[in-house]
Amino acid sequence: MDANTVLLAVVVATALSFDFTNGFHDTANAMATSIATGALPPKAAVALSAVLNFVGAFLSLKVAATIATGIVESGAITLTVVFAGLVGGFAWNLLTWYYGIPSSSSHALIGGVVGATLIAAGTSAIKVAEVVSKVLVPAVLAPLTAILVATVGTCLVYRLTRNVPEELRGRWYRYGQIGPASLVSLAHGTNDAQKTMGVITLAMIANGTLAVNAATPFWVVAACAVAIALGTYLGGWRVIRTLGKGLTEIETPQGFAAEGSSAAVIFVSSHFGFPLSTTHVCTGSVIGSGLGKRLAEVRWGLAGTMLAAWLVTLPAAAVVGALSWFAATRIGGATGVAVVFAVALLLGGALYAASRRRPVHAGNVNDDWRGGITPARTPETVS
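Cut-offs used in this document
- Residues numbered from 1 in each chain as written.
- Predicted model: local features only at pLDDT ≥ 70, side-chain atom pairs only at ≥ 80, totals over all residues.
- Heavy atoms only, no water.
- Salt bridge = Lys/Arg side-chain N within 4 Å of Asp/Glu carboxyl O.
- Buried < 20%, exposed > 50% of the residue type's maximum accessible area, 1.4 Å probe, protein only.
- Helix = DSSP H or I, 4+ residues; strand = E, 2+ residues; numbered from the N terminus.
- Arc of directions from axis to C-beta.
- Phe/Tyr/Trp six-rings, centres within 6.5 Å; stacked < 30°, edge-to-face > 60°.
- Lys NZ or Arg CZ within 6 Å of the ring centre and 35° of its normal.

Q: Explain the pattern of salt bridges here, please?
A: Close approach of charged atoms allows side chains with opposite charge to pair. If you walk through the whole model with that rule in mind, you get three salt bridges. Residue Lys245 is joined to Glu249 by a salt bridge in which the shortest nitrogen-to-oxygen separation is 3.4 Å. For Lys245, a relative accessible area of 9% gives the class buried. Overall, Glu249 belongs to the partly exposed group, its relative accessible area being 40%.

What follows is the structure, given as structure tokens:
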């Protein structure tokens, strides 16, 4: 087995590791509101989401094509560049998960790839117009659209059922919420799993295994579907708690409106091949559900913290991607890539160990919000 084949194998393993973190980081997007309102038990919610993420990964390849050929020039990409970009996304996913911040896995990945490409091949290798039109513009429009749709939807569901007894209305929307939540999970698989498919395809093109503009192989689709489903089943409880309990106290009609709004916006974006952030959309929908209900409180301080994280996601991941490329190149070859990969895993393990000191899990994820993601200590230690 030659060095390039080994290097490609490491890149694929890194990509699937990123896909796994994408799954547990973004479980909140689909199921946080359903868990917060009691529409689904926490463990059942993540299991359902995992199955639907898996199915969704097979429904479309338009976003994969955008990542593979629409962000950077394929001819300027090497396996080391792809690897470094993945490390940038991987690192940002783990850091924001630790702090319970619902940030964009999509933008972390794109930022990492752009940063590594920029230092390796220069600005000419970046498709600036495409990055603006297919990444930055949707990043602004998606959450604003979701806020608007969810605000209107929440107003409507309360107005249309204003004469229905509260207990009956709550039961209706609790059951009804399961449908939109399932659609969001399906949409998440359709949109997010494809990003990793696109990066693996990009790596195979760089290695000469595939021709430029070649279709994504089926084994890549299947592997990414499994990785994101496993990550989703693990359950990113820290982020689920922030999105479900931190931004606003969600009632079942609000949850129904938020989930429906998110599913609609994500499916439309996937149809047009926009690799938008499902996190931005779902967060916007939760904020809209708070705005649409009279006297509901939206915690704008927390929303501001999340916005700040969103603004630095692309540049932060780009810096890590660039540094990873520099370190791997200075060491050289497959050895350099292996060393950087090992360091990334060690840092990830350190964050996981730190999170065990104050764990968030299925048993305490719905505890009252007291200004932080970590509830009072409990004897349970399941992540």
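Q: Explanation requested: helix H7 (residues 166-176) in the structure shown.
A: Residues spaced three or four apart along an α-helix face the same direction, because each turn holds 3.6 residues. Buried within H7 we find Arg169, Gly170 and Tyr173. Take H7 and look down its axis: the buried residues cluster within an arc of 100°, on one side only. In this structure, H7 carries Glu167 and Tyr175 as exposed residues pointing more than 90 degrees from its buried face.

Q: What is the right way to read the packing of aromatic side chains from this model?
A: Aromatic ring pairs are reported here in terms of the distance separating the ring centres and the angle at which the planes meet. Throughout the structure, instances matching the rule amount to six aromatic pairs. Ring centres of Phe58 and Phe218 lie 6.0 Å apart, and the angle between their planes is 40°; on these two criteria the pair is classed as tilted. Of this pair, Phe58 sits in the loop between helix H2 (42-56) and helix H3 (62-69) while Phe218 is found in helix H9 (residues 218-234), placing the two residues 160 residues apart along the sequence. A relative accessible area of 60% places Phe218 in the exposed class. Pairing Tyr173 with Phe256 gives two aromatic rings, centres 5.2 Å apart and planes at 50°, and the pair type is tilted. Of this pair, Tyr173 sits in helix H7 while Phe256 is found in helix H11 (residues 252-271), placing the two residues 83 residues apart along the sequence. With relative accessibility at 27%, the residue Phe256 sits in the partly exposed group. Cluster of aromatic residues (ring-pair linked, three or more members): Phe20, Phe24 and Trp97. Across from the ring centre of Tyr98, 5.1 Å away, lies the NZ or CZ of Arg238, which sits over that ring. The ring of Tyr352 carries the charged tip of Arg356 above its face, separated from the ring centre by 4.9 Å.

Any functional reading would require information that these geometric values do not contain.
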